[in-house]
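For reference, the chains in residue letters:
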Amino acid sequence: MSVTTNIQRLKATLPPQVRLIAVSKFQPVGKLQEAYQAGQRIFGENRALEMRDKHEQLPEDIQWHFIGHLQRNKIKYIVPFVAMIHSVDSPELLEDIDRAAAKAGRTVSCLLQLHIARETTKFGFSPREALDYLAGGDWRRLEHIRLCGMMGMASFTNDREQVLGEFRQLKQCFDTAKENWFAADENFCELSGGMSDDYPLAIQCGSTMVRIGTAIFGSRPVNP
Ligand SMILES: *Cc1c(COP(=O)(O)O)cnc(C)c1O
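Residues numbered from 1 in each chain as written. Predicted model: local features only at pLDDT ≥ 70, side-chain atom pairs only at ≥ 80, totals over all residues. Heavy atoms only, no water.

K.L.:
So what's going on with the pattern of salt bridges? Which residues, and what values?
P.N.:
The final tally for this structure, using the stated rule, is 10 salt bridges. Its salt-bridge partner being Asp61, residue Arg41 comes within 3.2 Å of it at the nearest N-O pair. Of this pair, Arg41 sits in the loop between helix H2 (29-37) and strand S2 (42-45) while Asp61 sits in the loop between helix H3 (48-57) and strand S3 (63-66), placing them 20 residues apart in sequence. Note that Asp132 and Arg128 form a salt bridge whose closest N and O atoms lie 3.3 Å from each other. In this pair, Asp132 and Arg128 are both assigned in helix H6 (residues 127-136), 4 residues apart and thus about one turn of the helix distant. Looking at Arg128, the relative accessible area reads 53%, which means it is exposed. Linked through salt bridges whose partners overlap, the residues forming this network are Glu45, Glu50 and Lys54. (Salt bridge = Lys/Arg side-chain N within 4 Å of Asp/Glu carboxyl O. Helix = DSSP H or I, 4+ residues; strand = E, 2+ residues; numbered from the N terminus. Buried < 20%, exposed > 50% of the residue type's maximum accessible area, 1.4 Å probe, protein only.)

K.L.:
Which residues make up the packing of aromatic side chains, and what values do they have?
P.N.:
The description of an aromatic ring pair rests on the distance of the ring centres and on the angle between the ring planes. One pass over the structure, following the stated rule, counts 5 aromatic pairs. An angle of 35° between the planes, with centres 5.8 Å apart, marks the rings of Phe43 and Trp64 as tilted. Placement of Phe43 in strand S2 and of Trp64 in strand S3 is noted, with a sequence separation of 21 residues between them. Here Phe43 and Trp64 have matching classes, each one buried. Among the aromatic residues, those joined into a ring-pair cluster are Trp139, Phe174, Phe182 and Phe188. Above the plane of the ring of Tyr36 lies Arg41, whose end atom (NZ or CZ) is 3.5 Å from the centre. (Phe/Tyr/Trp six-rings, centres within 6.5 Å; stacked < 30°, edge-to-face > 60°. Lys NZ or Arg CZ within 6 Å of the ring centre and 35° of its normal.)

K.L.:
How would you summarise the packing of helix H1 (residues 3-13) against H2 if you had to cite specific residues and measurements?
P.N.:
Two numbers describe how H1 lies on H2: the axes approach to 9 Å, and their chain directions differ by 45°. What the angle tells us is that H1 and H2 run oblique. Like other packed secondary-structure pairs, H1 and H2 cross with a definite hand, here right-handed. Where H1 abuts H2, its residues Val3, Thr4 and Ile7 lie against Lys31, Glu34 and Ala35. Split into classes, the residues belonging to the contact of H1 with H2 amount to 3 nonpolar, 1 polar and 2 charged. (Axes fitted to C-alpha atoms, helices over the stretch in contact; angles between N-to-C directions. Parallel < 35°, antiparallel > 145°, perpendicular 65-115°, else oblique. Left-handed = near helix turned anticlockwise from the far one by under 90°. Contact = heavy atoms within 4.5 Å. Nonpolar A, V, L, I, M, F, W, Y, C, P; charged D, E, K, R; others polar.)

K.L.:
Explain the environment of Leu147 to me, using residue names and the numbers behind them.
P.N.:
Looking at the secondary structure, you find Leu147 in strand S6 (residues 145-152). Classification of Leu147 as buried rests on a relative accessible area of 6%. If near-sequence neighbours (up to four positions away) are discounted, Leu147 is found in contact with Leu94, Cys110, Leu112, Leu134, Trp139, Phe182, Asp185, Asn187 and Phe188.

K.L.:
Tell me about the site of the ligand, and please be specific about residues and values.
P.N.:
Taken together, Val23, Lys25, Ile67, Met151, Met153, Met195, Ser196, Arg211, Ile212, Gly213, Thr214 and Arg220 form the complete shell of residues around the ligand. Between the ligand and the protein, one listed contact pairs a nitrogen atom with a side-chain N or O atom of Arg211 at 2.9 Å. Here an oxygen atom of the ligand sits 2.4 Å away from a polar atom, N or O, in the side chain of Thr214. Contact with the protein chains hides 91% of the accessible area of the ligand, taken as 390 Å² for the molecule alone. Counted by class, the shell around the ligand contains 6 nonpolar, 3 polar and 3 charged residues. (Near = heavy atom within 4 Å. Polar contact = N/O pair within 3.5 Å; in protein donor to acceptor, adjacent residues only side chain to side chain. Areas by Shrake-Rupley, 256 points an atom, 1.4 Å probe, with all protein chains shown as cover.)

K.L.:
Give me the pairing of strand S1 (residues 19-23): which residues, what numbers.
P.N.:
Counting buried positions along S1 yields 4 of 5 residues, so the element is predominantly enclosed. Pairing analysis gives 4 bridges linking S1 to strand S8 (residues 209-212), with the strands arranged parallel. Residue Leu20 lies in a different strand from S8, and its bridge partner there is Val210. Direction of pairing for S1 relative to S2: parallel, over a ladder of 2 bridges. Across the sheet, residue Val23 finds its bridge partner in S2, namely Gly44. As a crossover connection, the stretch from S1 through H2 into S2 is right-handed. (Pairing = 2+ DSSP bridges. Right-handed = clockwise from strand over helix to strand, strands pointing away.)

What follows is the structure, encoded as structure tokens:
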């Protein structure tokens, strides 16, 4: 299937409240251009320098979403243009993004990344840690951060119930945060969950943004 067909099919099946993030990490610029021609305007990348380079080569109206672990010394490369950082995995990172955003004269939209999977290698807050952090209130003085919701990755498994349980946990944590600290904040409305293999389950659990790579672009070139 071509990139164009894949995007058209996906868009036709996604409910209207769900946005498609085309995960283009490791893909050559030509593939992103193909997706752009098909009308795709939101791309997800997980390496700061790769995202910066692609941003320089592609049209200005693309929204760049950062979805990988962000090293603190790389924040400055993406803060001037990034549309959303899905993968804020510590309070320290959020503070560093705030400082960099202030310097760049921007307010950056961010999601807190929750660790919901069984795998131990993934970054993120546990639901408890995220709620404790929000309850603490330190984030309120970060004037250049717009907290927009939460992101999570489910376990890599065929066990549907396991995956559903994890996405439900993500949604529940989001709902608790919304109720307690963001009820009046319309920006806090995004739940980023679901990849090529599990996005229908994530949508079933309230996801508003799906991050899809392989099902659009095919398998990725080997880690460059
Ligand atoms: C690579 C990646 C995706 C996309 O994965 P696919 O299985 O190719 O759809 C989504 N989210 C994150 C955080 C990723 O790193």
